[in-house]
Amino acid sequence: MNCKEVKQLLAAYLDNEVTAEERRQIEAHLAVCPDCKKELDELAAAQKSLRQAFQAAASRAEYRRDTWRELQPELEAYRPSFLSLLRTRRRRLVMTIIMAALIITLIVLWATGVCRDSVVDVVFNNPHDNFSTIPTLYTDVSCSEGDTFLQPSYNRLTNTHQLYIC
Amino acid sequence: MEKWQTGDIVAFEEFFREHGRTVFNNAYLITGNREDAEDILQEVFTSVWKSRHTYDPAKGKLSTWLHRITVNESLRKRRKNPPMIPLDNIQLPDTGDGRDERLITHFENEDMIRAMNTLDGRLRAVLVLRYFNDMSYEEIAQAAGIPLGTVKSRINHGLKALRQRFVPQSCDN
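Residues numbered from 1 in each chain as written. Chains lettered and ligands numbered in written order. Predicted model: local features only at pLDDT ≥ 70, side-chain atom pairs only at ≥ 80, totals over all residues.

Asker: Account for the overall build of chain A, naming residues and giving values.
Answerer: In terms of regular secondary structure, chain A is built from five helices and three strands. Evaluated residue by residue, chain A yields a buried proportion of 14% over its 166 residues. Across chain A, every contact between residues at least 6 apart in sequence was considered, and the portion connecting residues at least 24 apart equals 45%. (Helix = DSSP H or I, 4+ residues; strand = E, 2+ residues; numbered from the N terminus. Buried ≥ 20, exposed ≤ 12 C-beta atoms within 10 Å, placed from the backbone. Contact = placed C-beta atoms within 7 Å.)

In structure tokens form, the structure reads like this:
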């Protein structure tokens, strides 16, 4: 190692954060380089001074006694948003599984006809027809004459009545 | 999962009492400003409370997580309120010749802290984590969210920046 390489590692050397091989090379260089040895000693002194200064400053500084009292109401008022519930990977995974299960369930229900049979689209020749008379068309969806319907709605564009079987 | 993570405010108060001092000290040493450190203390614990579900003990130590939030808040605050002490106004002891010994004996703590205040916040943060919290370089890398090599270079650079105010150095080997 040359001086430049050694100097880049001196702090790590003092902190025991170099590899065994780096340590060997640094010590071999320090044995023959008084300038780098001097810098090592200065860095060691700076480390010691810094530790002392930090301890002294920290021992004098004190936060206000009422900090928690100021903080507590704000924390208690906080309510996590729905999105915050999705922040962790595990929660996102659980929510994804739930949503996937829900979608699959709906698809299965639709495919088996459970949902479809409850809604009937009927084309009328006359959009002003009322629902007291049920067209024969209903017979293939388990409806018969005289059945009543909920929430009938008329679509003017398609001339279609959507009837919900009661 | 810790009790405070379930939203128990009483448990969180205990958590605050246990770790508040450490957070405040780190914030104070990184920013060099007591009022800023007070603000950071509140911001850190507000942030911890809001993101309490995200801490996973399996992924790292609680102290490292807290240090990371503290460092981030401190650097953000420091960017917003840079130190008021210009470098030229700092009066550091004149050590003259034989500076090595005097660097230890005459380097007043307050002068060192003031000198620290002139360093870039990122350098200060790693120096505080290393020489106040005695964290390993690996732990500092996790807490500061930087590569291990960057930790090494920042600590080396930070120490030299402090030292060079007293001992100009050259080496031509």
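Asker: Kindly report on the overall build of chain B, identifying the contributing residues and their values.
Answerer: Looking only at helices and strands, one finds eight helices and zero strands in chain B. Starting at the N terminus and walking to the C terminus, you meet the elements of chain B as α-α-α-α-α-α-α-α. Relative to its 173 residues, chain B shows a buried fraction of 35%. Considering only contacts within chain B whose residues lie at least 6 apart along the sequence, 65% involve residues at least 24 apart.

Asker: Account for the confidence of the model for chain A, naming residues and giving values.
Answerer: All names here are of chain A. Residues at a pLDDT of 70 or more form 61% of chain A, whose mean pLDDT is 74. Looking across chain A, the model is least confident in strand 1 (residues 119-123), with a mean pLDDT of 51, and most confident in helix 2 (residues 20-30), with 93. In this model, residues 132-142 is a region of pLDDT below 50 whose contacts with residues beyond four sequence positions or in other chains number twelve contacts. (pLDDT = per-residue confidence, 0-100.)

Asker: Tell me about the interface of chain A and chain B, and name the residues and values.
Answerer: Residue-level contacts link 41 residues of chain A with 41 residues of chain B. Residue assignment for the side of chain A that touches chain B shows that the elements contributing at least two residues are helix 1 (3-14), helix 3 (34-60) and helix 4 (67-77) of chain A.

Asker: Describe the nonpolar core, and please don't skip the residues or the numbers.
Answerer: Core analysis: the largest hydrophobic core is formed by 53 residues, its most contacted members being B:Ala27, B:Leu41, B:Val126, B:Val128, B:Leu129, B:Ile140 and B:Ala144. Among the elements that line this core, the one with the most residues is helix 1 (residues 9-31) of chain B, at nine residues. (Core = buried A, V, L, I, M, F, W, Y, C linked by C-beta atoms within 7 Å.)

Asker: So what's going on with the packing of helix 6 (residues 121-131) of chain B against helix 8 (residues 148-163) of chain B? Which residues, and what values?
Answerer: Residues and elements named next belong to chain B. Here helix 6 crosses helix 8 at 95°, and the two axes come no closer than 9 Å. When the axis of helix 6 is compared with that of helix 8, the two are roughly perpendicular. Counted together, Arg122, Leu123, Val126, Leu127 and Arg130 of helix 6 and Val151, Arg154, Ile155, His157, Gly158 and Ala161 of helix 8 form the full contact between these two elements. Grouping the amino acids of the contact of helix 6 with helix 8 by side-chain chemistry returns six nonpolar, two polar and three charged. (Axes fitted to C-alpha atoms, helices over the stretch in contact; angles between N-to-C directions. Parallel < 35°, antiparallel > 145°, perpendicular 65-115°, else oblique. Nonpolar A, V, L, I, M, F, W, Y, C, P; charged D, E, K, R; others polar.)

Asker: An account of helix 5 (residues 89-111) of chain A is requested, with residue identities and associated values reported.
Answerer: If you check helix 5 of chain A, its first and last C-alpha atoms are 33 Å apart, about what 23 residues at 1.5 Å a residue would give, namely 33 Å. Of all 23 residues making up helix 5 of chain A, only zero are buried, and the element is barely covered by its neighbours. (Expected span 1.5 Å × (residues − 1).)

Asker: Describe the confidence of the model for chain B, with residues and values.
Answerer: All names here are of chain B. On average, residues of chain B score 79 in pLDDT, and 78% of them are at 70 or above. Note that residues 85-95 has pLDDT below 50 and, in this model, 19 contacts with residues that lie over four places away or in other chains. For the stretch residues 166-173, pLDDT sits under 50, and the model shows 13 contacts to residues farther than four places along the chain or on other chains. The ipTM value of the predicted complex is 0.77, and its pTM value is 0.66.

Asker: Now, about the environment of B:Asn117: what can you tell me, with residues and values included?
Answerer: Mapped onto the secondary structure, B:Asn117 falls in the loop between helix 5 (109-116) and helix 6. A C-alpha to C-alpha distance of 8.6 Å links B:Asn117 and B:Leu29, two positions 88 residues apart in sequence.

Asker: Talk me through the packing of helix 1 of chain B against helix 2 (residues 34-50) of chain B; I want residue IDs and the actual numbers.
Answerer: Two numbers describe a pair of packed helices, the interaxial angle and the distance between the axes. Residue and element names in this part refer to chain B. Packing of helix 1 against helix 2 brings their axes to within 8 Å, and their N-to-C directions diverge by 135°. The angle between helix 1 and helix 2 falls in the class oblique. In terms of crossing hand, the pair formed by helix 1 and helix 2 is right-handed. Within the contact between the two elements, helix 1 uses Phe12, Phe16, Gly20, Val23, Phe24, Ala27, Tyr28 and Thr31 and helix 2 uses Arg34, Asp36, Ala37, Ile40, Leu41, Val44, Phe45 and Trp49. For the contact of helix 1 with helix 2, a count of residues per class yields twelve nonpolar, two polar and two charged. (Left-handed = near helix turned anticlockwise from the far one by under 90°.)

Asker: So what about helix 2 of chain B? Which residues, and what values?
Answerer: Its 17 residues place the ends of helix 2 of chain B 24 Å apart at the C-alpha level, agreeing with the 24 Å of an ideal helix rising 1.5 Å per residue. Where helix 2 of chain B is concerned, the buried positions are B:Asp36, B:Ala37, B:Ile40, B:Leu41, B:Gln42, B:Glu43, B:Val44, B:Phe45, B:Val48 and B:Trp49.

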